[in-house]
Structure formats: C-alpha cells, structure tokens
Protein chains: 2
Amino acid sequence: MRITTERLLDGGLLERGFTLGDIPGILWTPTSASGSVPLILLGHPPLGLRQMYPRLLARARSASADGFAAATIELPGSGERPREDALEQGRGDLLRVTQAGGPVPAAVVDALILPLVERAVPEWRAALDALLSLPGIGGPVGYSGGVIAIGVRLAVVEPRIVAVGLFAGSLVPRAVLEEARRVTVPVHVLLQWDDEGNDRQASLDLFDAFASAEKTLQANTGGHTGVPEHAAHDVSRFFRRHLGRPAVPRSR
Amino acid sequence: MRITTERLLDGGLLERGFTLGDIPGILWTPTSASGSVPLILLGHPPLGLRQMYPRLLARARSASADGFAAATIELPGSGERPREDALEQGRGDLLRVTQAGGPVPAAVVDALILPLVERAVPEWRAALDALLSLPGIGGPVGYSGGVIAIGVRLAVVEPRIVAVGLFAGSLVPRAVLEEARRVTVPVHVLLQWDDEGNDRQASLDLFDAFASAEKTLQANTGGHTGVPEHAAHDVSRFFRRHLGRPAVPRSR
C-alpha cells in the first residue's frame, strides 16, 4: 500500500489517497482519536470513486464523528481502472434490458454481478490487510453499503468483519440468497419501500435468508434516493453498537 | 374525569389513577416538566390494565424521560370492567381456533376485533378530551402500541393524534387494511420477524397500505416477546421527532 495524497479536511478529518497495486483507494481517519480505532469499509456501486466521492465523504464524516476510520477502494473495471470485458459485457446487457423496460432476467443479473464479486472480494480483503497494518487502525471492522452481493460474500468469508450494513437497492443474484444463509454477523438492511429499480420481495427474501442472531430490516417510504435522515442515523447507531462506543456519544 | 389515586414514583414520575365514567385509566406525568407537555396514549392488548401494568409503566417511564406525559385506559370488557357478550363470544371463538392450531379464519378475527374497535375508539377519544383539559397536558398527541385496529381507526378519525407507533403482532381484520389507506400521519411499525402468532405477510401488507408520507417498518430477528432494546429506543426516537424535542436530549 502506498499513500499518494494526504490532506486535512475541516472537522479534523484526515484524508489519505492510496494505491494497493493498481487499485486506488481512500482512507479517512479522525485526527481526534487516540490509540487505534475501529474501521468501516465503505462499499459503493460500480460508478467510479470520483463520481461517488461526495457521498462517500459524507459517510466517512459520519463514521469519523463516531470515532471510526473509514476506507474504500475502486471496484474492478470502474473509475480509472482498466475496463474488463466480462464486466463491460454484463453492464451493456443490463443497460439494454432496463432500457427495454420490464424485469431484469436472472441470467443478466448473474452475468454482471457474479464476476464482479469474484474479482472484488479478494481485493477488499487485501485492502483490509493493508489498512489494519497501519498505525492507528485497529478494528473491529464493519462493512457498509454498496453492491449487496459483495457485502454478503465478505460477511461469509472475512472473519474480521463483525457487522454489515446493506442498502437493498442493487441487483441480487439468486445464488447470493443461498450465500446469505451462511451470514451470522449482525446485519442491518435498509430498504426504500417505493424504490422503482428494486424488487421489494427479493429484498425481503434476502433479509429472511440471513442466519444472523441479530438482524434488522428498516423500510422507509420513498424511492431509491429518498433515504430519510433518521434512517442514516440508525445505520450509524448500528455500527456504534457493534464496533464499540464512541468517546463522545452523539445524541440523535 | 375523576382522579382516584395519586403517587410519586422514583425518577420524578407522578402516577395518577382516574376514572372516566366507569372506565379506569392511568396518567403518568414527568414532575420535572414545566409548562405543558406532549402526550402519548399507551395502547395495550385486551388483557386488563392490571396484568399489563409493568410493561405500561416501563413505557411511561421512557415517555417521561423524553419529557412526555403518558396515559392509558382499560379496554371494554377487560380487567375490572363488566364482561360483554359480543367480546366474550369472539374471545372464546379465537381461543378454540388457536388451540386447534392452523390459521385464524378472517370471520373469527372480524368477530373479535371489529366490535372492540367500535367500542374502544370513542372511549379513547373521550379520554383524550379529558386528559387535554388537565393543566400541564398540552399535546401534540401520539398513540403507541396495542391493538393495531384501534391504532389505525384512531389515526383516521382523531385529528389530534399526529404520530402512531404500532407493534405488528395482533390480529388485523381485512377491513383495517382498507382503513389504513386513509392514514396520513407518520407511522412507525415494529415487526418481530419470527413472531409465531403473527402473519408476516399481513403485517407487510398493512405497512404497504398506509398513505403516510413518512412511514418506517422496523423488523428484527426474534419472536413476539423478543423485541430488542435498540428497537424500543427507535420507537422513542420516532415520537421525539414528531412530538417535539426533549429539554435534555438522551444519547443512545
């Protein structure tokens, strides 16, 4: 891991750009923290870190206010990373199907998401190795948001991840439902009840599948981008419960 | 309304027993409050106030900590109130059906719940008239818990109720689904995902039916009595958002 940029943002948030091999990433740490802090991995859709940056920064600020570090890496075939044939093909097929209207066939979902999971998950684990070797980053580790299939796979294969927050709004291959039955860490699932691009029943089936002794589904009125502020706060509270108590509790 | 008992509980909670005609009730107010405070009506199942008292008191303490008054009244045919033939008949039918196992026929649900709603709702409204005429009780008013069909009817017919918290675990007549489409105040629905006695799909249908611009469904792992502590806190936060801000915010 190589730190490529470093800047201090307002609110005492240190932002470091890094590369892990040819994978770009960003790490945010609260400068107010003493000792080592828990870490939240910030998942995101495959739209490129640059486009996702404002939202990722907002989530990093929230994590930092809770005394947590936050980090993310670019997904394979996204942003400044080289395009990959399999992923481009899957993306093109999805675009054609959705433009034609109607439901997305399972084969199209699988062709897009499954190769992405296969490629991305080892990279997130390698990033975790590197991040946890930095001074001041100690764990426990949470994973939050992004492509659901990546979050589920990470929850199954990565024992250092102790809590997972998912946003039910992305395409979920049927195989991931089976995989979800092996997830045992606490899970918080956010569902926008009126999300036009989301199959509500598939989200409920996914929630049902998790084997976790503690799992919460929170559904709210509104479309994909209409997540209410109080729901975002509840995600923060979920991670505070499972990653440790902040030095200065926030009242909300 | 006649105040029949009055005692100061620890934590600065004033408990007053009252009767409204022949209906017994309880009012809890925080002695720390100055001026007039919002009010939460505490719904409960038709098991009698005496049996429900410990749980009602716990909910009243939580409301009081948020600076709210809380009040409840006995349901028709329950507790020390005279038995009523229609309600006794419905109760007996339900008992026979559930002891025999299998799903509860819609006709049995209707026969039990609909007369209860018809009888109870005017009483809760009369209690609200009386409670809001007391010094120090000002509103806004929330309704929380208890028989879902009563909460839904109150949300439709009682304009002074500005927020409703429901616990999806009681029998819901089909007619109530239609009535729910006329509910427009904010609604928070708590659902125990593995509730043996509850029809999960009926609860999801009910949530879907509410016309409220703001509605939240929170589902958690576990059976009817396994509501996690954080879910109870989220109900409190819901009422804090809609009934006003506490003088001293609680951090959770």
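Right above here is the structure, for reference.
Residues numbered from 1 in each chain as written. Chains lettered and ligands numbered in written order. Predicted model: local features only at pLDDT ≥ 70, side-chain atom pairs only at ≥ 80, totals over all residues. Heavy atoms only, no water.

## As for the pairing of strand E9 (residues 215–220) of chain B
Phase 1 of the analysis: Here E9(B) lies mainly inside the structure; six of its six residues are buried.
Phase 2 of the analysis: Where burial is concerned, the two faces of E9(B) agree: the one with B:Lys215, B:Leu217 and B:Ala219 and the one with B:Thr216, B:Gln218 and B:Asn220 are both buried.
Phase 3 of the analysis: Bridge count between strand E9 (residues 215–220) of chain A and E9(B): five bridges; the pairing is antiparallel. Each residue of the ladder has a partner; that of A:Gln218, found in E9(B), is B:Gln218.
Phase 4 of the analysis: By the bridge criterion, six bridges tie strand E8 (residues 187–192) of chain B to E9(B) in an arrangement that is parallel. Paired with B:His188 across the bridge in E9(B) is B:Thr216.
Phase 5 of the analysis: Viewed along the sheet, the connection from E8(B) through helix H6 (residues 200–209) of chain B into E9(B) turns out right-handed. (Buried < 20%, exposed > 50% of the residue type's maximum accessible area, 1.4 Å probe, protein only. Helix = DSSP H or I, 4+ residues; strand = E, 2+ residues; numbered from the N terminus. Pairing = 2+ DSSP bridges. Right-handed = clockwise from strand over helix to strand, strands pointing away.)

## Re the relation of the copies chain B and chain A
Phase 1 of the analysis: For the match of chain B to chain A, the screw axis carries a shift of 0.0 Å, the RMSD comes to 0.0 Å, and the turn is 180 degrees. This pairing of chains is accounted for by a two-fold axis.
Phase 2 of the analysis: Interface overlap between copies is the fraction of interface residues in one copy that are interface residues in the other; for chain B against chain A it reaches 100%, indicating a shared surface. (Least-squares fit on C-alpha atoms with pLDDT ≥ 70 in both. Contact = heavy atoms within 4.5 Å.)

## A few points about the packing of aromatic side chains
All names here are of chain A.
Phase 1 of the analysis: Taken as a whole, this structure holds eight aromatic pairs over all chains when the rule is applied.
Phase 2 of the analysis: Pairing Phe-238 with Phe-239 gives two aromatic rings, centres 5.1 Å apart and planes at 70 degrees, and the pair type is edge-to-face. Phe-239 matches Phe-238 in its accessibility class, with the two residues each being buried.
Phase 3 of the analysis: Above the plane of the ring of Phe-207 lies Lys-215, whose end atom (NZ or CZ) is 5.0 Å from the centre. (Phe/Tyr/Trp six-rings, centres within 6.5 Å; stacked < 30°, edge-to-face > 60°. Lys NZ or Arg CZ within 6 Å of the ring centre and 35° of its normal.)

## Description of the interface of chain B and chain A
Phase 1 of the analysis: Listed as interface residues are 25 residues of chain B and, on the opposing side, 25 residues of chain A.
Phase 2 of the analysis: Together chain B and chain A conceal approximately 1900 Å² of surface at their shared face, both sides included; 51% is due to carbon and sulfur atoms.
Phase 3 of the analysis: On the chain B side of the contact with chain A, B:Trp193, B:Thr221 and B:His230 bury the most area, a combined 26% of that side's loss.
Phase 4 of the analysis: At the boundary of chain B with chain A, the tally comes to two salt bridges.
Phase 5 of the analysis: Between A:Asp208 and B:Arg200 there is a salt bridge; the shortest N-O distance is 3.2 Å.
Phase 6 of the analysis: Applying the counting rule to chain B against chain A returns 16 residue pairs in polar contact (both at pLDDT 80 or more).
Phase 7 of the analysis: Looking at side-chain class alone, the side of chain B that touches chain A contains seven nonpolar, eight polar and ten charged residues. (Buried area = accessible area lost by both parts, 1.4 Å probe. Salt bridge = Lys/Arg side-chain N within 4 Å of Asp/Glu carboxyl O. Polar contact = N/O pair within 3.5 Å; in protein donor to acceptor, adjacent residues only side chain to side chain. Nonpolar A, V, L, I, M, F, W, Y, C, P; charged D, E, K, R; others polar.)

## As for unusual backbone geometry
Phase 1 of the analysis: For the bond running from A:Gly139 to A:Pro140, omega is 5 degrees, close enough to zero to count as cis.
Phase 2 of the analysis: Along the chain, A:Pro140 falls in strand E6 (residues 137–145).

## Let's talk about the pattern of salt bridges
Proximity of charged atoms lets side chains of opposite charge pair with each other.
Residues and elements named next belong to chain A.
Phase 1 of the analysis: Per the stated rule, a full pass over the model turns up 38 salt bridges over all chains.
Phase 2 of the analysis: Here Arg-153 ties to Glu-179 by a salt bridge, and the two come within 2.3 Å at their closest N and O atoms. Placement of the pair is Arg-153 in helix H4 (residues 148–157) and Glu-179 in helix H5 (residues 174–180), with a sequence separation of 26 residues.
Phase 3 of the analysis: For Arg-153, a relative accessible area of 18% gives the class buried.
Phase 4 of the analysis: Between Glu-214 and Arg-241 there is a salt bridge whose closest N-O contact spans 3.2 Å. One end of the pair, Glu-214, is in the loop between helix H6 (200–209) and E9; the other, Arg-241, is in helix H7 (residues 229–243), with 27 residues separating them in the sequence.
Phase 5 of the analysis: When salt bridges that share partners are traced, they join Arg-81, Glu-84, Arg-119 and Glu-123 into one network.

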